[in-house]
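So you can see what is in the structure, the chains are spelled out below.
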Amino acid sequence: MNCDDIKLMISEYIDNELTKEKEAFLFTHLSSCTDCREEYKIQNSIQHEVKINLKDVGERFEQRVFDSIQKKELPLIKRWITKPTPAYINYVLGFAIIMITLFSFLQFSSLRGDLKGFQEKYEAAFEKIQFQTQQINLMMNSMPAVQIIGNPVKM
Ligand SMILES: [Zn+2]
């Protein structure tokens with residue numbers, strides 16, 4: 001076996017195509033031949049680079065898939081945010097308006113009740129004043145003062 005055969009074996013070994021017997025033979029040769037050892041190092045590092053690149057390509061592909069998913073999902077979220085007033089907001093607003101209307105109606109009713117009470121009190125007071133005025137008039141008319149005052153004039 002010469003070094004060219006060994007170089008072929010190295011590439012076979014790296015591709016996992018070498019039998020265990022040949023593997024032992026290869027490493028025996030590599031331990032004694034620096035040229036083949038260098039060749040092994042080069043081929044091994046090339047294989048390593050290829051593996052890294054493949055992994056990198058795989059990762060980049062995953063990233064690309066992930067990015068495209070994100071790009072598809074983002075407009076969905078945007079559409080959801082900028083959606084012109086969803087139906088449930090209209091329901092909530094409608095309910096709020098109904099509640100405010102009901103509340104203000106109740107407030108207005110109680111205010112009207114207060115006003116009515118005030119009006120009744122005012123009317124009662126007015127009636128009382130009227131009654132008192134009548135009483136005073138009656139007292140004045142029944143009073144003989146006019147005659148008393150009139151008498152000295154006549155006299
Ligand atoms: Zn060699």
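All of these numbers come straight from a predicted model, not from anything done at the bench.

Cut-off values and rules
Residues numbered from 1 in each chain as written. Predicted model: local features only at pLDDT ≥ 70, side-chain atom pairs only at ≥ 80, totals over all residues. Heavy atoms only, no water. Helix = DSSP H or I, 4+ residues; strand = E, 2+ residues; numbered from the N terminus. Buried < 20%, exposed > 50% of the residue type's maximum accessible area, 1.4 Å probe, protein only. Contact = heavy atoms within 4.5 Å. Areas by Shrake-Rupley, 256 points an atom, 1.4 Å probe, with all protein chains shown as cover. Donors = N, O, S within 2.8 Å, 3.2 Å for Na, K, Ca; no water. Tetrahedral: all angles 85-135°; square planar, octahedral: opposite > 155°, others 65-115°. Phe/Tyr/Trp six-rings, centres within 6.5 Å; stacked < 30°, edge-to-face > 60°. pLDDT = per-residue confidence, 0-100.

## A closer look at the overall build of the protein
Okay, step 1: Secondary structure assignment for the protein yields five helices and zero strands.
Okay, step 2: Listing every helix and strand of the protein by position from the N terminus yields α-α-α-α-α.
Okay, step 3: Among the 155 residues that make up the protein, the fraction classed as buried is 8%.
Okay, step 4: Long-range pairs, those at least 24 residues apart, make up 46% of the contacts in the protein with a sequence separation of at least 6.
Okay, step 5: Carbon and sulfur atoms form 64% of the exposed surface of the protein, whose accessible area is close to 13,900 Å².

## Description of unusual backbone geometry
Okay, step 1: The backbone of N16 shows a phi angle near 60 degrees, a positive value even though the residue is not glycine.
Okay, step 2: For N16, the location among the structural elements is in the loop between helix 1 (3-14) and helix 2 (20-32).
Okay, step 3: Residue N16 is classed as exposed on the basis of its relative accessible area, which comes to 71%.

## Digging into the coordination of the zinc ion
Okay, step 1: Binding of the zinc ion to the protein goes through C3 (SG), H29 (NE2), C33 (SG) and C36 (SG), at separations of 2.0 to 2.4 Å.
Okay, step 2: Coordination at the zinc ion is tetrahedral, judged from the four donor atoms that bind it and the angles of 98 to 120 degrees they form at the metal.
Okay, step 3: Every donor residue of the zinc ion comes from the same chain, spaced as C-x25-H-x3-C-x2-C. One end of the pair, C3, is in helix 1; the other, H29, is in helix 2, and 26 residues separate them in sequence.
Okay, step 4: On the accessibility criterion, C3 (29% relative accessible area) is partly exposed.
Okay, step 5: Overall, the relative accessible area of 17% leaves H29 in the buried class.

## Here we look at the side chain of Q43
Okay, step 1: With respect to the element layout, Q43 can be found in helix 3 (residues 34-81).
Okay, step 2: Given a relative accessible area of 18%, Q43 falls into the buried group.
Okay, step 3: Not counting residues up to four positions away in its chain, the partners in contact with Q43 are K7, I10, S11 and I14.

## Here we look at the packing of aromatic side chains
Okay, step 1: One pass over the full model with this rule turns up four aromatic pairs.
Okay, step 2: Aromatic pair Y13 and F27: ring centres 5.2 Å apart, planes at 85 degrees, arrangement edge-to-face. Of this pair, Y13 sits in helix 1 while F27 sits in helix 2, placing them 14 residues apart in sequence.
Okay, step 3: Assessed through its relative accessible area of 23%, Y13 is described here as partly exposed.
Okay, step 4: Accessibility expressed as a relative area gives 34% for F27, which makes it partly exposed.
Okay, step 5: Ring centres of F27 and Y40 lie 6.0 Å apart, and the angle between their planes is 70 degrees; on these two criteria the pair is classed as edge-to-face. Taken together, the residues F27 in helix 2 and Y40 in helix 3 connect sequence positions 13 residues apart.
Okay, step 6: Residue Y40 is classed as buried on the basis of its relative accessible area, which comes to 17%.
Okay, step 7: An aromatic cluster is defined as three or more aromatic residues linked by ring pairs; in this entry it consists of Y13, F27 and Y40.

## Focus on the confidence of the model for the protein
Reading fine detail from the predicted coordinates is not recommended where pLDDT is low.
Okay, step 1: Looking at the protein as a whole, the pLDDT averages 82, with 85% of positions reaching at least 70.
Okay, step 2: Least confident of the elements in the protein is helix 5 (residues 145-154), whose mean pLDDT is 55; most confident is helix 2, at 92.

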